[in-house]
Amino acid sequence: MKRLFSSCRGQATTETVLLFPVLVIFILFIIKIFGLLVLAQKLEIAGFYAARRYQLQSHTTTYLQRWDRRYLQKDIEKKVREYLGFNNPGMLRFLSLRDLKLTINTSGTWTKVTMTVFTAPPRINFLCKYDKLQLCQGDENCLRGYNFLCETGGQLEVIKYVGPNERVLPFVRPED
């Protein structure tokens, strides 16, 4: 058995040393892309929650609509922030979260709930040290990608429309 393995040549150390950083770079990109996908899915779920809750708990009278703006909208935004991970430092860093903006516009028929999440740039240092104009040479997609990775970050937006709150009266059980 010893003779079988002793005659084999080993892997060159230089190949392993040179390929390891490339592997690490690919892993970093995959993790960042996965983080954006997770954020998009969580934002869709949070948008549905916000729209449905506002639909069921909002009021139609002018006096109570002030309560909707002061308390209900702020409470929905607090719950959505908690769900997306703004209060968790690990999730905040993994998803590159910067800010959340919740806007609710009511009209006669539909209520438009818009949630916008602003992300910080991932700041991958070895990519951001190059000049963007020289690197991209006028390519618009390359410039947008460079701006997202190194300068501005991005934003994801979800828009949900819900109808008016037309609940029927709650069912009352007859007491025996």
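These lines cover the structure that appears in this document, whether it is placed above or below. Everything numeric here is computed off the predicted structure, so don't read it as measured data. (Residues numbered from 1 in each chain as written. Predicted model: local features only at pLDDT ≥ 70, side-chain atom pairs only at ≥ 80, totals over all residues. Heavy atoms only, no water.)

1. Remarks on the overall build of the protein
When its secondary structure is counted, the protein shows 7 helices and 3 strands. Its helices and strands taken in sequence order, the protein reads α-α-α-α-β-β-α-α-α-β from the N to the C terminus. Expressed as a percentage of the 176 residues in the protein, the buried residues total 26%. In the protein, the proportion of contacts linking residues at least 24 apart, taken out of those at least 6 apart, comes to 60%. On the protein, roughly 13200 Å² of surface is accessible, and the fraction owed to carbon and sulfur atoms is 60%. (Helix = DSSP H or I, 4+ residues; strand = E, 2+ residues; numbered from the N terminus. Buried < 20%, exposed > 50% of the residue type's maximum accessible area, 1.4 Å probe, protein only. Contact = heavy atoms within 4.5 Å. Areas by Shrake-Rupley, 256 points an atom, 1.4 Å probe, with all protein chains shown as cover.)

2. Digging into unusual backbone geometry
In this structure, Ser 96 is a non-glycine residue whose phi angle is positive, near 55°. Its location among the elements puts Ser 96 in the loop between α4 (89-94) and β1 (97-106). Looking at Ser 96, the relative accessible area reads 12%, which means it is buried. Even without being glycine, Gln 137 reaches a positive phi, approximately 50°.

3. Observations concerning the nonpolar core
In summary, soluble globular proteins display a tendency toward joint burial of nonpolar side chains. By size, the foremost hydrophobic cluster in this structure holds 21 residues, and its most contacted members are Ile 76, Val 80, Leu 84, Leu 100, Met 115 and Val 117. Elements supplying a minimum of two residues to this core: α2 (13-57), α3 (62-84), β1, β2 (111-119) and β3 (154-162). With 6 residues, α2 is the single largest residue contributor to this core. In contact with Leu 84, not counting residues within four places along its chain, are Leu 39, Lys 42, Leu 43, Ala 46, Met 91, Leu 95, Leu 97, Leu 100 and Val 117. By size, the runner-up hydrophobic cluster in this structure holds 5 residues, among which are Cys 136, Leu 143, Tyr 146 and Cys 150. (Core = buried A, V, L, I, M, F, W, Y, C linked by side-chain atoms within 4.5 Å.)

4. Focus on the pattern of salt bridges
A full pass over the atoms with the stated rule returns 5 salt bridges. In this structure, Lys 132 and Glu 151 form a salt bridge, with 3.3 Å as the shortest nitrogen-oxygen distance. Here Glu 151 lies in helix α7 (residues 140-151) and Lys 132 lies in helix α6 (residues 132-136), a separation of 19 residues in the sequence. Of the residues examined, Lys 132 reaches a relative accessible area of 23% and is grouped as partly exposed. One network of salt bridges, with partners in common, ties together Glu 77, Arg 81 and Asp 99. (Salt bridge = Lys/Arg side-chain N within 4 Å of Asp/Glu carboxyl O.)

5. A word on the packing of α2 against α3
Two elements in contact, α2 and α3, have axes separated by 10 Å at closest approach and are oriented at 155°. On the basis of the axis angle, α2 is roughly antiparallel to α3. Regarding α2 and α3, the two cross each other, and that crossing is right-handed. Side by side, α2 and α3 meet where Leu 39, Lys 42, Leu 43, Ile 45, Ala 46, Tyr 49, Ala 50, Arg 53, Tyr 54 and Gln 57 of the first sit next to Trp 67, Asp 68, Arg 69, Leu 72, Asp 75, Ile 76, Lys 79, Val 80, Tyr 83 and Leu 84 of the second. Here the contact of α2 with α3 is built from residues that sort into 13 nonpolar, 1 polar and 6 charged. (Axes fitted to C-alpha atoms, helices over the stretch in contact; angles between N-to-C directions. Parallel < 35°, antiparallel > 145°, perpendicular 65-115°, else oblique. Left-handed = near helix turned anticlockwise from the far one by under 90°. Nonpolar A, V, L, I, M, F, W, Y, C, P; charged D, E, K, R; others polar.)

6. With respect to the state of the cysteines
Applying the stated criterion across every chain, the model contains 1 disulfide. Between Cys 136 and Cys 142 runs a disulfide, and the two sulfur atoms are separated by 2.2 Å. On the sign convention where negative means left-handed, the S-S torsion of about -65° between Cys 136 and Cys 142 marks this disulfide as left-handed. When its relative accessible area of 7% is taken as the criterion, Cys 136 is described as buried. (Disulfide = S-S within 2.5 Å.)

7. A word on α7
Taking 1.5 Å per residue, 12 residues should reach 16 Å; α7 reaches 15 Å between its end C-alpha atoms and fits that length. Residues of α7 that are buried include every one of Leu 143, Tyr 146 and Cys 150, and no others. The arc that holds the buried residues of α7, viewed along the axis, is 65°, so those residues lie on one side. Exposed positions of α7 whose direction lies more than 90 degrees from the buried face are Asn 141 and Arg 144. Its buried side turned inward, α7 meets α5 (125-128) and α6. Once α7 ends, the next one or two residues include Gly 153, with phi positive near 80°. (Expected span 1.5 Å × (residues − 1). Arc of directions from axis to C-beta.)

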